[in-house]
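Results of the structural survey
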Amino acid sequence: MRSSLVGARKEFSLYIELDHIGFGYEPGQATLSDLSLSIKRGEAVALMGANGCGKTTVLSILSGILSPTAGTFTFDGTPVTSEFLHKPELVKRFHQRVGSVFQNSDAQLFCPTVYEEIAFGPQQMGLSDAEIDQRVKDVAQLLDITSLLEAVPYHLSGGQKKRIAIGATLAMNPEVLLMDEPMAALDPRTQTFLLGIWQELRSAGKTLIIATHDLRMVTDMVDRIVLFSEDHQIVADGTPLEILQQTDLLKSVNLVDERYHVHVHHHDGEESVHIHM
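Residues numbered from 1 in each chain as written. Predicted model: local features only at pLDDT ≥ 70, side-chain atom pairs only at ≥ 80, totals over all residues. Heavy atoms only, no water.

If you walk through the whole model with that rule in mind, you get five aromatic pairs. Among the aromatic residues, those joined into a ring-pair cluster are F73, F75, F84 and F94. Seen from the ring of Y154, K161 lies directly overhead, with NZ or CZ sitting 5.5 Å from the centre. Taking the ring centre of F193 as reference, the NZ or CZ of R163 above it sits at 3.9 Å. (Phe/Tyr/Trp six-rings, centres within 6.5 Å; stacked < 30°, edge-to-face > 60°. Lys NZ or Arg CZ within 6 Å of the ring centre and 35° of its normal.)

Before going further, it helps to examine the pattern of salt bridges. By the definition in use, this model includes nine salt bridges. The shortest N-O distance in the salt bridge between R224 and E43 comes to 3.1 Å. Taken together, the positions of R224 in strand β9 (residues 224-228) and E43 in the loop between β2 (32-40) and β3 (44-48) put the pair 181 residues apart, joining distant regions of the chain. Here D237 and R224 are joined by a salt bridge, their closest N and O atoms 2.6 Å apart. (Salt bridge = Lys/Arg side-chain N within 4 Å of Asp/Glu carboxyl O. Helix = DSSP H or I, 4+ residues; strand = E, 2+ residues; numbered from the N terminus.)

This part covers helix α2 (residues 55-62). Residue pairs three or four apart in sequence face the same way in an α-helix, which turns once every 3.6 residues. Among the eight residues of α2, seven are classified as buried, and the element is accordingly described as predominantly covered. Those residues of α2 lying buried are K55, T57, V58, L59, S60, I61 and L62. Immediately downstream of α2, the backbone of G64 shows phi near 85°, a positive value. (Buried < 20%, exposed > 50% of the residue type's maximum accessible area, 1.4 Å probe, protein only.)

Quick look at the pairing of strand β10 (residues 234-238) now. Pairing of β9 with β10 involves four bridges; the strand directions are antiparallel. Each bridged residue has a counterpart across the sheet, and for L227 the counterpart in β10 is A236. Linking β9 back to β10 in an antiparallel pair, the connection comprises five residues, with H232 at a positive phi of about 70°. (Pairing = 2+ DSSP bridges.)

Glancing now at unusual backbone geometry. The backbone of D34 sits at a positive phi, close to 55°, despite the residue not being glycine. Within the secondary structure layout, D34 lies in strand β2. Even without being a glycine, E181 presents a positive backbone phi close to 45°. Here E181 is to be found in the loop between β7 (176-180) and α7 (188-203). What makes E181 buried here is its relative accessible area of 7%.

What follows covers the nonpolar core. Of all hydrophobic cores here, the largest spans 52 residues; its most connected members are L215, V222 and L227. In terms of residue count, the dominant contributor to this core is helix α5 (residues 129-142) (five residues). Apart from the residues within four sequence positions on either side, L215 is in contact with M48, L244, L250, L255, V256, Y260, I275 and M277. If you look at the next biggest cluster of nonpolar residues, it comprises 30 residues, including C53, F94, V98 and F228. (Core = buried A, V, L, I, M, F, W, Y, C linked by side-chain atoms within 4.5 Å. Contact = heavy atoms within 4.5 Å.)

It is worth spelling out the sheet that holds β10 at this point. With mixed pairing, six strands are arranged side by side in an open sheet as β6-β7-β8-β3-β9-β10. Strands at the two margins of the open sheet, each flanked by one partner only, are β6 (98-101) and β10. Shown here is a sheet whose adjacent strand axes are inclined to one another by a mean of 15°, direction ignored. Running at roughly 170° to β6, helix α6 (residues 158-170) makes contact with β6 and β7 of the sheet. Sheet strands touched by α7: β3, β7 and β8 (207-212). Its angle to β8, the strand with the most contacts, is close to 145°. (Axes fitted to C-alpha atoms, helices over the stretch in contact; angles between N-to-C directions.)

A separate point is helix α3 (residues 88-97). Residues of α3 that are buried: V91, F94, Q96 and R97. Looking at the buried side of α3, the elements it contacts are α2, β4 (70-75), β6 and β7.

So, about the sheet that holds strand β5 (residues 78-79). Strand order across the open sheet formed by four strands is β2-β1-β4-β5, with antiparallel pairing between neighbours. At either margin of the open sheet sits one strand with a lone partner, and together these are β2 and β5. Taken together, the two bridges between β4 and β5 define a ladder with antiparallel strand orientation. Bridging from a neighbouring strand, F75 pairs with T78 of β5.

Rendered as structure tokens:
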């Protein structure tokens, strides 16, 4: 049943490229300047840095919410320009392939019931009623929210809202999933549950991009960490093992303090890192 949601790993390579991107919310004030980043299909990538470093702006460009004021954003060989984003059929297909989960779930939920919330995306895709119903049921089972399908999203807990927001995105079976601080303000049980969902999507070959400043989240979640400085520049790009051992670098971007230290464990020829903060 879950395979209808996550799909099988595809053989082709999906490619995301930001080439010398620039963006500013106010004239003359650049939030991003000359930023370049490439992501291959199936990678799990964490955009990391202190609050205000620009990682959420990068996510907004990748999701098509914002259009860069300089440089180019290319998705699977197609330039995603402001003109592209103003063509309804093109942008509709783009948002079917690239799904986003916002940090604030309330900003993403607007339907009267959980069922309608999850069904909304598949309805926009033009699926039949039977296909929509199956997708809603599959997502609800995957996220353990079947009992909430007739509930009003507004009245639910933060953790339940987060599951519903993720469900509404997964119901469209996107190839790429973007998540902004997905574990913020969630209880430990919900965090553990969502980590399991993340790993399931990762195993299925989805391209996963997360923006976070929480180092404890990424040790086993991602293939790469892209580290941003407080002046909105990429200062490092490597595996969690490589990045998390660079204490001085992490201090310089204001992600850790003097209490931070790491332990590297060796087991069966593999290394893993355990951090203390």
